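# Examining the three-dimensional arrangement
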Amino acid sequence: MIDRVSRGLFDVLAGSQPLKRLASRYGMKTGGFARRFIAGENVDEAIAAARAIEATGMTQTLDYLGESIATMAEADQATRAYLGVVDRITQAGIGRNLSLKLTQLGLTIDRATCVDNLRRILDAAASRDFFVRVDMENSPYTQVTLDVLEIMWQQGYRNVGIVLQSSLPRSVKDAQRMNELGARVRLVKGAYKEPRGVAYQTKADVDAAFVELMKVLLTGNVYPAIATHDPAMIAATRQFATERGISPDRYEVQMLYGVRRDMQAALTAEGIGVRIYVPFGREWFPYFMRRLGERPANIGFVVKSLVQER
Ligand SMILES: Cc1cc2nc3c(=O)[nH]c(=O)nc-3n(C[C@H](O)[C@H](O)[C@H](O)COP(=O)(O)OP(=O)(O)OC[C@H]3O[C@@H](n4cnc5c(N)ncnc54)[C@H](O)[C@@H]3O)c2cc1C
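My aim in this report is to walk through the structure given alongside it, one point at a time. (Residues numbered from 1 in each chain as written. Predicted model: local features only at pLDDT ≥ 70, side-chain atom pairs only at ≥ 80, totals over all residues. Heavy atoms only, no water.)

### Topic: the environment of glycine 245
With respect to the helices, strands and loops of the structure, glycine 245 is situated in the loop between helix H9 (231-244) and strand E7 (252-256). For the pair glycine 245 and alanine 209, spaced 36 residues apart in sequence, the C-alpha to C-alpha distance is 22 Å. (Helix = DSSP H or I, 4+ residues; strand = E, 2+ residues; numbered from the N terminus.)

### Re the site of the ligand
In the region of the ligand, 25 residues are neighbours, and Lys189, Gly190, Thr228, His229 and Glu294 sit closest. Contact between the ligand and glycine 190: an oxygen atom at 2.7 Å from a main-chain N or O atom of the residue. In the model, an oxygen atom of the ligand is placed 2.7 Å from a nitrogen or oxygen of the threonine 228 side chain. Burial of the ligand by the protein amounts to 88% of the accessible area it has alone, namely 930 Å². When residues of the shell around the ligand are traced back to their parent elements, those giving at least two are strand E4 (160-165), strand E5 (185-188), E7 and helix H11 (285-294). Per-element accounting of the shell around the ligand gives the leading share, three residues, to E7. When grouped by side-chain class, the residues that make up the shell around the ligand number 10 nonpolar, six polar and nine charged. (Near = heavy atom within 4 Å. Polar contact = N/O pair within 3.5 Å; in protein donor to acceptor, adjacent residues only side chain to side chain. Areas by Shrake-Rupley, 256 points an atom, 1.4 Å probe, with all protein chains shown as cover. Nonpolar A, V, L, I, M, F, W, Y, C, P; charged D, E, K, R; others polar.)

### Section: the packing of aromatic side chains
Evaluation of the coordinates by the stated rule reveals seven aromatic pairs. Measuring from ring centre to ring centre gives 6.4 Å for tryptophan 284 and phenylalanine 285, while their planes differ by 70 degrees; the resulting arrangement is edge-to-face. A relative accessible area of 4% places phenylalanine 285 in the buried class. Pairing tryptophan 284 with phenylalanine 288 gives two aromatic rings, centres 5.8 Å apart and planes at 85 degrees, and the pair type is edge-to-face. The pair formed by tryptophan 284 and phenylalanine 288 is uniform in burial state, with each residue classed as buried. Sitting above the plane of the tyrosine 287 ring, arginine 291 keeps its charged end 4.5 Å from the centroid. (Phe/Tyr/Trp six-rings, centres within 6.5 Å; stacked < 30°, edge-to-face > 60°. Buried < 20%, exposed > 50% of the residue type's maximum accessible area, 1.4 Å probe, protein only. Lys NZ or Arg CZ within 6 Å of the ring centre and 35° of its normal.)

### Some words on the side chain of arginine 290
In this structure, arginine 290 sits in helix H11. Leaving out residues up to four positions away in the same chain, arginine 290 has contacts with Glu67, Lys101, Ala191 and Tyr192. (Contact = heavy atoms within 4.5 Å.)

### Digging into the sheet that holds strand E3 (residues 131-134)
Strand order in this closed barrel of eight strands is E1-E2-E3-E4-E5-E6-E7-E8, and the pairing throughout is parallel. Mean inter-strand twist for the sheet, computed between neighbouring axes without regard to direction, equals 25 degrees. Pairing of strand E2 (residues 97-100) with E3 involves four bridges; the strand directions are parallel. Bridge pairing in E3 places asparagine 97 opposite phenylalanine 131. (Pairing = 2+ DSSP bridges. Axes fitted to C-alpha atoms, helices over the stretch in contact; angles between N-to-C directions.)

Spelled out as structure tokens, the structure:
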């Protein structure tokens, strides 16, 4: 219940322009409160963070932040920015893995152009052996995001994967379909506040569905990513994998930059592959607010850092 209220509240706050302006002023300064979760505002900072992650034996995926852009020009700009990121990552010699959102590429404005923009990125990425993960956004975009993945698949792209959310009952069927295609899935609980009827409303239901989906994906054998910071979900995954003789190289765990760094290190030390999702860019505010909504205790360090500013 508290979880639902807090997510709803942070959803509303995420749209607040005055708050965004205030946060932008302080959040990303050296030692600023947002730096815990955001690697930086430019690609060089993201690459430095990625190098530090790789030095500890983990892998990474870079996410150039931005979502729900309002014009085709912005979608084109985001696409070009991603193409630039592909170049920079290639030059830097770090792991070649990107995450992106379709609303950033123009999905809400014109689906065909969004598909073209994604194709531009996938072409550049494929020629340099990148993997591109299409993040899953809130439920109005679930079907269309899956449709776009299928279009890409039909057109022969194989360097692309998707995300499914255990909060949505429909995900079981979607997971089976992705297994059939051979498309790689990142399993998450779901970051968005969703209406009754579309999504499970209690943590117990979301967690039970997560375990069920984890089993579907692990037995599908398409190298799923189990993305969670919940020790119970990770324990269930490891137990199931052991029972079925699924070795750790047939799946990976993914976690967000700055979240449960203790567990990231512990799993790596135990030989589980851990990939860190590294967000960067100037449009970090909505992403940051979702992280606060997931764990309101994080507000403590925001307030502390703001007080220290004065
Ligand atoms: C790599 C990755 C990619 C993701 N991509 C997507 C996506 O494409 N679409 C989407 O809807 N969602 C995505 N998410 C977010 C996801 O849906 C959840 O909202 C988020 O991971 C929190 O859920 P949890 O599984 O960690 O479990 P929870 O039950 O929320 O949390 C379990 C425990 O993890 C810790 N924890 C969780 N969140 C935080 C936090 N913000 N700060 C500090 N501690 C925390 C706490 O100890 C908490 O008790 C992604 C998550 C990861 C890890």
